[in-house]
Amino acid sequence: MKRVIVGAAMAALIFSSANAGGRDRQEVYEKCDQMGDVAMAVMTARQAGVPIEESLKSAPDSAFGAIVQEMVMWAYQVPDLHSDKMKRDVSEVFRMRVTKDCVKDLLGERD
């Protein structure tokens, strides 16, 4: 359910002025890659020990900020890992998952 809400919010935010049938795949990939970069920054902060309150406050006051706050909530469900390699790996996996889900949601390619 969370992913559907965030997917819909991302679609509305990214393509608010675009025709749904006229989406350019490259534009979707670029926008979703940007969302993935934000997700990685969120998880990296989480793994660095930044308190959840601070991460939530850092989100912009906009529709995009609501999406970032949702990512923060998901990221903080992951335990604080101990090794640097594990922290890097979980941040990269989180980035890839958000990017992949974003592309699937925006292009209507659900599993």
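Above this text is the structure in question.
All of the points below concern the structure found in this document.

About the criteria used
Along each chain, residues carry numbers from 1 onward, in the same order as the chain's sequence is written. Note on the predicted model: pLDDT of at least 70 is required for a residue's local features to be given, and 80 or more for side-chain atom pairs to be given and counted; whole-chain, interface and lining totals, by contrast, use all residues. Each side-chain value is worked out from all heavy atoms of the structure, with water and hydrogens disregarded. In this description a helix means any DSSP run of H or I spanning at least four residues, a strand means any run of E spanning at least two, and both kinds are numbered starting from the N terminus. Classification of residues uses two cut-offs on accessible area relative to the type maximum, computed with a 1.4 Å probe and protein chains only: under 20% is buried, over 50% is exposed, and between them is partly exposed. Between two residues, a contact is recorded if the distance between any of their heavy atoms is within 4.5 Å. Here, a disulfide means two cysteine sulfur atoms that sit within 2.5 Å of each other. The convention is simple: Lys and Arg are positive, Asp and Glu are negative, and His and the chain ends are not counted. Each reported salt bridge corresponds to a side-chain nitrogen of Lys or Arg within 4 Å of a carboxyl oxygen of Asp or Glu. Pairs of N or O atoms within 3.5 Å make up the polar contacts considered here, provided that, within protein, one atom can donate a hydrogen while the other can accept it, and that residues adjacent in sequence are counted only when both atoms are side-chain atoms. An axis is simply a line fitted to the C-alpha atoms; with a helix, the fit covers only the stretch in contact. Between two such axes, the angle follows the N-to-C directions and lies from 0 to 180 degrees. Here the angle decides the label: under 35 degrees means roughly parallel, over 145 means roughly antiparallel, 65 to 115 means roughly perpendicular, and every other value means oblique. Less than a right angle of anticlockwise turn of the near helix away from the far helix marks a crossing as left-handed, whereas a clockwise turn marks it as right-handed. Each residue gets one label: Ala, Val, Leu, Ile, Met, Phe, Trp, Tyr, Cys and Pro are nonpolar, Asp, Glu, Lys and Arg are charged, and the others, such as Gly, are polar.

Moving on, we come to the overall build of the protein chain. Helix and strand content of the protein chain: five helices and zero strands. Going from the N terminus to the C terminus, the protein chain shows its helices and strands as α-α-α-α-α. Split into buried and exposed, the 111 residues of the protein chain put 34% on the buried side. Residue pairs in contact within the protein chain that sit at least 24 positions apart in sequence constitute 77% of those at least 6 positions apart.

Attention now goes to the state of the cysteines. Here, the word disulfide means a covalent bond between the sulfur atoms of two cysteines. For the structure on display, the rule yields one disulfide. In this model, Cys32 is linked to Cys102 through a disulfide, with the two sulfur atoms separated by 2.1 Å. Between Cys32 and Cys102 the disulfide shows an S-S torsion of about -70 degrees. By sign, it is left-handed. With a gap of 70 residues between them, Cys32 in helix H2 (residues 25-47) and Cys102 in helix H5 (residues 84-107) connect regions that are remote in the sequence. No difference in accessibility class separates Cys32 from Cys102, as the two residues are buried.

With that settled, consider the side chain of Arg46. Residue position: Arg46 is located in helix H2. The charged side chain of Arg46 is buried without a salt bridge, its nearest counter-charge being Asp80 at 4.7 Å. Here the side chain of Arg46 touches Val78 through a polar contact of 2.7 Å, landing on its backbone oxygen. Among all residues touching Arg46, those that are not within four sequence positions of it are Ala75, Tyr76, Val78, Pro79 and Asp80.

Our next topic: the packing of H2 against helix H4 (residues 63-75). One way to put it is that H2 packs onto H4 with a least axis distance of 9 Å and a crossing angle of 45 degrees. It follows that H2 is oblique to H4 by the angle criterion. Our pair here, H2 against H4, has a crossing hand that is right-handed. Residues Met35, Val38, Ala39, Val42, Met43 and Arg46 of H2 touch H4, and the partners they reach there are Phe64, Ile67, Val68, Met71, Val72 and Ala75. Taken together, the residues of the contact of H2 with H4 break down into 11 nonpolar, no polar and one charged.

Our next topic: the pattern of salt bridges. Scanning the model with the defined rule gives five salt bridges in all. For the salt bridge of Arg95 with Asp33, the shortest nitrogen-to-oxygen distance reads 3.7 Å. On the criterion of sequence distance, the pair formed by Arg95 in helix H5 and Asp33 in helix H2 is long-range, its members being 62 residues apart. Here Asp101 makes a salt bridge to Arg97, at a shortest N to O gap of 3.4 Å. Here Arg97 and Asp101 lie together in helix H5, a separation of four residues that amounts to about one turn.

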